[in-house]
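# A look at the structure
Residue-level listing of the chains:
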Amino acid sequence: MIAAKSYAAQSATTPLGPHSFERREPGEHDVVIDILYCGVCHSDIHQVRDEWGGSIFPMVPGHEIVGRISRIGSQVKDFKVGDLAGIGCFVDSCRVCNSCKEGLEQYCETHLSQTYNGYEQDRKTPTYGGYSSQIVVDEKYTLHVSPNLPLEGVAPLLCAGITTWSPLREWKVGKGHRLGVLGLGGLGHMAVKLGVALGAEVTMLSSSASKEKDAKRLGAHKFALTKDPEVLKGYSGYFDFIIDTVSAQHDFDIYLNLLKRDGTLILVGAPPKPNDFQAFSIIPKRRRIAGSMIGGIKETQEMLDFCAQHNIVSDVEVIPMKEINNAYERVLNGDVRYRFVIDMATL
Ligand SMILES: [Zn+2]
Ligand SMILES: [Zn+2]
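What this report covers is the structure whose coordinates are included nearby. Computed from a predicted structure; not experimentally measured.

### Overview of helix H5 (residues 186–197)
Residues three or four positions apart in an α-helix share a direction because the helix packs 3.6 residues into each turn. Compared with an ideal rise of 1.5 Å per residue, which puts twelve residues at 16 Å, H5 spans 17 Å between its outermost C-alpha atoms and is within 8% of the ideal. The buried fraction of H5 is high, at ten of twelve residues. Those residues of H5 that fall on the buried side of the exposure criterion are Gly-186, Leu-187, Gly-188, His-189, Met-190, Ala-191, Val-192, Lys-193, Leu-194 and Gly-195. Those residues of H5 that are buried are in contact with helix H4 (160–170), strand S10 (178–182), strand S11 (201–206), helix H6 (212–217), helix H9 (297–310) and strand S17 (339–343). At the C-terminal side of H5, Gly-199 shows a positive phi close to 100°.

### Notes on the packing of H4 against H5
At their nearest, the axes of H4 and H5 sit 8 Å apart, and the two run at 50° to each other. Comparing the axis directions of H4 and H5 gives the class oblique. Relative to H5, H4 is oriented so that their crossing is right-handed. Of H5, the residues touching H4 (which contributes Ala-160, Gly-161, Thr-163, Thr-164, Trp-165 and Leu-168) are Gly-186, Leu-187, Met-190, Ala-191, Leu-194 and Gly-195. Residue composition of the contact of H4 with H5, by class: seven nonpolar, five polar and no charged.

### Some points on the coordination of the zinc ion (ligand 1)
For the zinc ion (ligand 1), every protein donor is listed as Cys-41 (SG), His-63 (NE2) and Cys-159 (SG), and the spread of their distances is 2.0 to 2.2 Å. Here the donor residues for the zinc ion (ligand 1) map to a single chain with the spacing C-x21-H-x95-C. On the criterion of sequence distance, the pair formed by His-63 in the loop between helix H1 (42–48) and strand S4 (65–72) and Cys-159 in the loop between helix H3 (151–154) and H4 is long-range, its members being 96 residues apart.

### Examining the coordination of the zinc ion (ligand 2)
Around the zinc ion (ligand 2), the protein contributes the donor atoms Cys-94 (SG), Cys-97 (SG), Cys-100 (SG) and Cys-108 (SG), which lie 2.3 to 2.4 Å from the metal centre. For the zinc ion (ligand 2), the four donor atoms in the first shell make angles of 104 to 119° at the metal, so the coordination geometry reads as tetrahedral. All donors to the zinc ion (ligand 2) come from one chain, and their sequence spacing reads C-x2-C-x2-C-x7-C. Residue Cys-94 is located in the loop between strand S6 (90–92) and helix H2 (98–101), and its partner Cys-108 is located in the loop between H2 and strand S7 (113–114); the two are separated by 14 residues in the primary sequence. Under the relative-accessibility criterion, Cys-94 is labelled buried at 15%.

### Some remarks on the packing of H4 against H9
Relative to each other, H4 and H9 sit at 100°, their axes nearing to 10 Å. Here H4 is positioned roughly perpendicular relative to H9, judged by the angle of their axes. The segment H4 lies against H9, with Gly-161, Ile-162, Trp-165, Ser-166 and Arg-169 engaging Glu-299, Thr-300, Glu-302, Met-303 and Phe-306. For the contact of H4 with H9, the per-class residue count stands at four nonpolar, three polar and three charged.

### Quick look at the pattern of salt bridges
By the definition in use, this model includes 20 salt bridges. For Arg-330, the salt bridge is made with Glu-317, and the minimal N-O distance between the two is 3.0 Å. Here Arg-330, found in helix H10 (residues 324–332), pairs with Glu-317, found in strand S16 (residues 316–320); they are 13 residues apart in sequence, far enough to count as distant. The exposure class of Arg-330 is partly exposed, given its relative accessible area of 23%. Its relative accessible area of 30% is what places Glu-317 among the partly exposed residues.

### Considerations on the sheet that holds strand S14 (residues 259–267)
Where strands meet in a sheet, backbone hydrogen bonds hold them as pairs that are either parallel or antiparallel. Pairing is parallel across the open sheet formed by six strands, whose spatial order is S12-S11-S10-S13-S14-S15. Each edge of the open sheet is held by one strand with a lone partner, namely strand S12 (222–225) and strand S15 (288–291). For this sheet the average axis-to-axis angle between neighbouring strands, irrespective of direction, equals 20°. As paired elements, strand S13 (residues 239–244) and S14 share five bridges and run parallel to each other. Considered in S14, the bridge of Asp-244 is made with Leu-267.

### Considerations on the layout of surface pockets
Put simply, the second largest pocket is a space of about 340 Å³. For the second largest pocket, the lining is made up of 16 residues, of which Leu-104, Ser-166, Arg-169, Glu-170 and Glu-299 are closest to its centre. Contributions of two or more residues to the lining of the second largest pocket are made by H4 and H9. Per element, the largest residue contribution to the lining of the second largest pocket is four residues, and it comes from H4. A per-class count over the lining of the second largest pocket returns four nonpolar, five polar and seven charged.

### Considering the pairing of strand S5 (residues 84–87)
Burial along S5 is two-sided: Leu-84 and Gly-86 facing one way and Ala-85 and Ile-87 facing the other are all buried. One ladder, built from two bridges, connects S5 with strand S9 (residues 143–144); its direction is antiparallel. Paired with Ala-85 across the strands is His-144, a residue of S9.

### What about empty space enclosed by the protein?
In total, this model carries one cavity of 30 Å³ or more according to the counting rule given. The computed volume of the largest cavity comes to approximately 70 Å³. A per-class count over the lining of the largest cavity returns seven nonpolar, three polar and no charged.

Conventions adopted
- Residues numbered from 1 in each chain as written.
- Chains lettered and ligands numbered in written order.
- Predicted model: local features only at pLDDT ≥ 70, side-chain atom pairs only at ≥ 80, totals over all residues.
- Heavy atoms only, no water.
- Helix = DSSP H or I, 4+ residues; strand = E, 2+ residues; numbered from the N terminus.
- Expected span 1.5 Å × (residues − 1).
- Buried < 20%, exposed > 50% of the residue type's maximum accessible area, 1.4 Å probe, protein only.
- Contact = heavy atoms within 4.5 Å.
- Axes fitted to C-alpha atoms, helices over the stretch in contact; angles between N-to-C directions.
- Parallel < 35°, antiparallel > 145°, perpendicular 65-115°, else oblique.
- Left-handed = near helix turned anticlockwise from the far one by under 90°.
- Nonpolar A, V, L, I, M, F, W, Y, C, P; charged D, E, K, R; others polar.
- Donors = N, O, S within 2.8 Å, 3.2 Å for Na, K, Ca; no water.
- Tetrahedral: all angles 85-135°; square planar, octahedral: opposite > 155°, others 65-115°.
- Salt bridge = Lys/Arg side-chain N within 4 Å of Asp/Glu carboxyl O.
- Pairing = 2+ DSSP bridges.
- 1 Å grid on protein atoms, 1.4 Å probe; cavity = no way out; pocket = protein on both sides within 12 Å on 5 of 7 lines; lining within 4 Å.
- Points joined across faces, edges and corners; volume = space filled by probe spheres on them.

Here you go:
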């Protein structure tokens, strides 16, 4: 077994602290990754605090992982020792269901092995995430990372990046489209960068005027203050797509009415309570509400390659491991532009 160091939560009510555990020895198809950086996703906090129920403790969070391969199994074909590698939100899936066969492993119909707070395919070995010194993963679920980008900025691409990339590609958003991005946080700032790079006209929809400067710096062509009804009137029936990244409760009707005929409101943020909306916000213009969850291995690699080509990374604040509990409080206060990333050398 491999002795791993980490930061873990021992229960839903205790702060994260140092924790030792063992990783499996690499199997024939596994790679061992020495973790260099791990992003801090808002869902880490939900799961550490058991806000979605069913959390598995002790929990080592982290699913935005970048590191360097230090060992490989005898049958590994696609990676060699010394390569950079990334791991996103899952480390395995059933491999035989329709979704897995189509390269949409995130929608595995049998059992998705989440990177942490989940179980391996045996359904009894818990998975532990990236707030740790190493991780052992099958090469099929491991991504290639370009050495040409700053690695701390690459880590959040593995969740925030792919979560916004996948719907942009699914709906073929690009030149000639007007894309609205609702909410400027970890997801929103990636949606702006990727939408612009794909050629869409991008409008940042935000309730906070102080975000206008940042939205423009990130590349947004326009900024619409959602608190101002007069501003919103000007965008009535305007967008082909709106990516809705807001996880707080909010009014869908307002944003549905900003869509053109056949426009789509794409949800990637998950408000805690059910949302209602007027049927007549969608019927007369054949509008749609859709959802999208992270992305498959193939499209995650496509996204990483696209980002390397277009020089796109996440805006990050690098923190030492011991700052994690404080960083969680700052995430909850919206006090991060736009992602914390842990420097795992400080573990
Ligand atoms: Zn995440
Ligand atoms: Zn499957």
